Amino acid sequence: DTAVSQTPKYLVTQMGNDKSIKCEQNLGHDTMYWYKQDSKKFLKIMFSYNNKELIINETVPNRFSPKSPDKAHLNLHINSLELGDSAVYFCASSQGTGMFQPQHFGDGTRLSIL
Amino acid sequence: DQQVKQNSPSLSVQEGRISILNCDYTNSMFDYFLWYKKYPAEGPTFLISISSIKDKNEDGRFTVFLNKSAKHLSLHIVPSQPGDSAVYFCAASAIDQGGKLIFGQGTELSVKP
């Protein structure tokens, strides 16, 4: 009964490829997020969606395109992968965006670009 | 531009003693602050939060203190247990930011038996 699940857990691919990471939450939340944790361990927000509507887009290259088919899913598609895209990507969800609505995180997808 | 900083990358304490993890921030517009705990190969797990209108929030062994004038918060764990060994992230947000969390770089806590 995993609350926020991401697939795949590991993704190894070559530069220039296109790949997708899927995220699903069964908490009934209406807001979902993507974060990137880089080699320096900083967690930085990339996108958030509320009820399938994009509300945060943090100057992420347009090679990254989030897609939310419904409020329980937020997938991340990455085109033309580059070496600098190697990182751990975390999906999260919350009920609304107000104070004291803690975000629940998935276990991450470790993306390695060869 | 790091708006949230955790200057100690690691901390080691003895089981049963107090663990104090520190966090500094620069943006006075932050309204609330959160602490997350992260085990290897898992996602961060919410631990405790505090609103900017308070200076203390307690939940069991965990207490968060906020000093707004110093733009500083700390997480106290007492007594520390070996299972508390993990990376602790401080995070901050402003109420008009759509839930966007700004994270510090984490402090790895090791509690030795």
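You'll find the structure just up there.
Anyway, here's the lowdown on the structure attached to this text. None of these values were measured; they are calculated from a predicted model. (Residues numbered from 1 in each chain as written. Chains lettered and ligands numbered in written order. Predicted model: local features only at pLDDT ≥ 70, side-chain atom pairs only at ≥ 80, totals over all residues. Heavy atoms only, no water.)

### Things to note about the nonpolar core
Turning to step 1, where the next piece is worked out: If you look at the biggest cluster of nonpolar residues, it comprises 24 residues, and the most contacted ones within it are Val4, Phe33, Trp35, Leu73, Leu75 and Tyr88 of chain B.
Turning to step 2, where the next piece is worked out: Those elements that place two or more of their residues in this core are strand 3 (19-25), strand 4 (32-38), strand 5 (45-51), strand 7 (62-67), strand 8 (72-77), strand 9 (86-93) and strand 11 (107-112) of chain B.
Turning to step 3, where the next piece is worked out: If you tally residues by element for this core, the top one is strand 9 of chain B, at 4 residues.
Turning to step 4, where the next piece is worked out: Judged by nonpolar contacts, the second largest core, of 20 residues, contains Val4, Leu11, Ile78 and Ala87 of chain A. (Core = buried A, V, L, I, M, F, W, Y, C linked by side-chain atoms within 4.5 Å. Buried < 20%, exposed > 50% of the residue type's maximum accessible area, 1.4 Å probe, protein only. Helix = DSSP H or I, 4+ residues; strand = E, 2+ residues; numbered from the N terminus.)

### Points about the packing of aromatic side chains
Each pair of aromatic rings is reported with the distance of its centres and the angle of its planes.
Turning to step 1, where the next piece is worked out: Evaluation of the coordinates by the stated rule reveals 13 aromatic pairs over all chains.
Turning to step 2, where the next piece is worked out: Note on Phe64 of chain A and Tyr89 of chain A: the rings are 6.3 Å apart at their centroids and 35 degrees apart in plane angle, and the pair reads as tilted. Placement of the pair is Phe64 of chain A in strand 7 (residues 64-70) and Tyr89 of chain A in strand 9 (residues 87-94), with a sequence separation of 25 residues. Across the pair, Tyr89 of chain A and Phe64 of chain A agree in class, each one buried.
Turning to step 3, where the next piece is worked out: On the basis of an interplanar angle of 80 degrees and a centroid distance of 6.1 Å, the ring pair of Phe105 of chain A and Phe103 of chain B is categorised as edge-to-face. Of this pair, Phe105 of chain A sits in strand 10 (residues 104-105) while Phe103 of chain B sits in strand 10 (residues 102-103), each in a different chain. Like Phe103 of chain B, Phe105 of chain A is buried.
Turning to step 4, where the next piece is worked out: Of the aromatic side chains, those joined through ring pairs into one cluster are Tyr33, Tyr35, Phe90 and Phe105 of chain A together with Tyr36, Phe46, Phe89 and Phe103 of chain B.
Turning to step 5, where the next piece is worked out: In this structure, Lys44 of chain A is placed above the aromatic ring of Phe42 of chain A, and the distance from its NZ or CZ to the ring centre is 5.9 Å. (Phe/Tyr/Trp six-rings, centres within 6.5 Å; stacked < 30°, edge-to-face > 60°. Lys NZ or Arg CZ within 6 Å of the ring centre and 35° of its normal.)

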